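Fold and contact review
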Amino acid sequence: MSPVAEPFATGRPSPFFEEKVTWVRHWTDELFSFGTTRDPGFRFDSGQFVMLGLELRGRPLLRAYSIASPSWGETLEFYSIKVEGGPLTSHLKLIKAGDTVLVGRKPTGTLVLDALRPGRTLYLLSTGTGLAPFLGLIREPDVYERFERVVVTHTCRAVADLTHADLILDELPGDPYLGELVSGRLTYYPTVTREEFLNRGRITELIDSGRMFADIGAPAFDPAADRVMICGGPAFLQDAKDALLTRGFEEGSLASPGDFVIEKAFVE
Ligand code: A2P
């Protein structure tokens, strides 16, 4: 029996898939991404999260991670911070291609298309690693079937934290299949709060001032036409939620689809 299964030696199958790391990319001292193999039996909706981790001293240690790849991908992708002294990330940040990670069998989460009513423009608002679920969703063809326009915003402290600009601005438009879908319909709006940058400030302030809408050439938020997904730190989630509630948006869930949905980004 594999060591991973031992704490669950109940005759039931392990609640985790053992996947192999296929690549690791360190963006900054605090941010990294990695890819893994994907069990053919593992199904999820783009935007969902899953328990992810390592076997440490013979025991599984897992945290909730958004899946940063789309539902149709043959492999999985994750986007993580490196927490100083963090029980999981201080080990996870050392992984290399060929290592084994544990992936829970039950993906879940509210950042899914079916939790939103139909609309015209889909806004994906993120801070930090809150971008992760949206990296899957912007590569999901269903998103472009349901919405005319998709706007993904990413607010970070520093320019170096805007890790996926190349993917969104170069790779996706050049992709043989997705290129046509995203062309003229996917807008990337990065903002930086603690350094000079083209777009400066918190996204919540840029929404309140109308600056974001002017910059991207869109009308102000309208619950009749716009749908919003929000992922990031707790203070951001609260402020963004308040901004939407004030404008008459209703929070949705799978049981009761609405105008916006919210999820906390991974924190160790
Ligand atoms: P700021 O630099 O003004 O705090 P963190 O690294 O702390 O998780 O923050 C990631 C980004 O989220 C930062 O650019 C930060 O801006 C921004 N942020 C933090 N709190 C809020 C909030 N309440 N509303 C909007 N953006 C926020």
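See the structure printed just above.
From a predicted model like this one, the values you see are computed outputs, not experimental measurements. (Residues numbered from 1 in each chain as written. Predicted model: local features only at pLDDT ≥ 70, side-chain atom pairs only at ≥ 80, totals over all residues. Heavy atoms only, no water.)

Our next topic: the sheet that holds strand β9 (residues 186-192). With parallel pairing, five strands are arranged side by side in an open sheet as β9-β8-β7-β10-β11. Of all strands in the sheet, those bounded by a partner on one side alone are β9 and β11 (260-264). Each adjacent strand pair in this sheet contributes to an overall mean axis angle of 10°, direction not counted. The sheet contact formed by strand β7 (residues 121-127) and strand β10 (residues 226-232) spans six bridges and is parallel. Across the sheet, residue Thr121 finds its bridge partner in β10, namely Asp226. Here helix α4 (residues 165-174) sits on the sheet and contacts β8 (149-156) and β9; the angle it forms with β9, its principal contact strand, is near 155°. (Pairing = 2+ DSSP bridges. Helix = DSSP H or I, 4+ residues; strand = E, 2+ residues; numbered from the N terminus. Axes fitted to C-alpha atoms, helices over the stretch in contact; angles between N-to-C directions. Contact = heavy atoms within 4.5 Å.)

Every buried residue belonging to α4 is among Ala165, Leu167, Ile168 and Leu172, and all of these are buried. Tucked inside the fold, the buried residues of α4 contact α2 (132-137), β8, α5 (178-182) and β9. (Buried < 20%, exposed > 50% of the residue type's maximum accessible area, 1.4 Å probe, protein only.)

Attention now moves to the nonpolar core. Of all hydrophobic cores here, the largest spans 37 residues; its most connected members are Phe134, Ile138, Val152, Leu186 and Met229. Residues in contact with Leu186, not counting those within four places in the same chain, are Ile138, Tyr144, Val150, Val152, Ile168 and Leu172. The next biggest cluster of nonpolar side chains, apart from the first, holds 21 residues, and it includes Leu125, Leu206, Leu237 and Ala240. (Core = buried A, V, L, I, M, F, W, Y, C linked by side-chain atoms within 4.5 Å.)

Another point: the site of the ligand. Surrounding the ligand, one finds Thr127, Thr155, Cys156, Arg157, Thr193, Arg194, Arg202, Thr204, Ala235, Phe236 and Asp239. One nitrogen or oxygen atom from the main chain of Cys156 is found 3.2 Å from an oxygen atom belonging to the ligand. Here the ligand loses 76% of its free accessible area of 550 Å² to cover by the protein chains. Counting only elements with at least two residues in the shell around the ligand, the list comes to β8 and α8 (234-246). (Near = heavy atom within 4 Å. Polar contact = N/O pair within 3.5 Å; in protein donor to acceptor, adjacent residues only side chain to side chain. Areas by Shrake-Rupley, 256 points an atom, 1.4 Å probe, with all protein chains shown as cover.)

So, about the sheet that holds strand β1 (residues 16-26). Across the sheet, six strands lie side by side as β4-β3-β6-β1-β2-β5; this open sheet has antiparallel pairing. Two strands close off the open sheet at either side, each with one partner strand: β4 (59-66) and β5 (75-81). Ignoring which end each strand starts from, the neighbouring axes of this sheet average 40° apart.

Below, the discussion takes up the packing of aromatic side chains. The final tally for this structure, using the stated rule, is 10 aromatic pairs. An angle of 35° between the planes, with centres 5.5 Å apart, marks the rings of Phe34 and Phe78 as tilted. Of the two residues, Phe34 sits in strand β2 (residues 31-37) while Phe78 sits in strand β5, which places them 44 residues apart along the sequence. Of the residues examined, Phe34 reaches a relative accessible area of 0% and is grouped as buried. The exposure class of Phe78 is buried, given its relative accessible area of 0%. Look at Phe221 and Phe249: their rings are 5.7 Å apart centre to centre, the planes differ by 65°, and that puts the pair in the edge-to-face class. (Phe/Tyr/Trp six-rings, centres within 6.5 Å; stacked < 30°, edge-to-face > 60°.)

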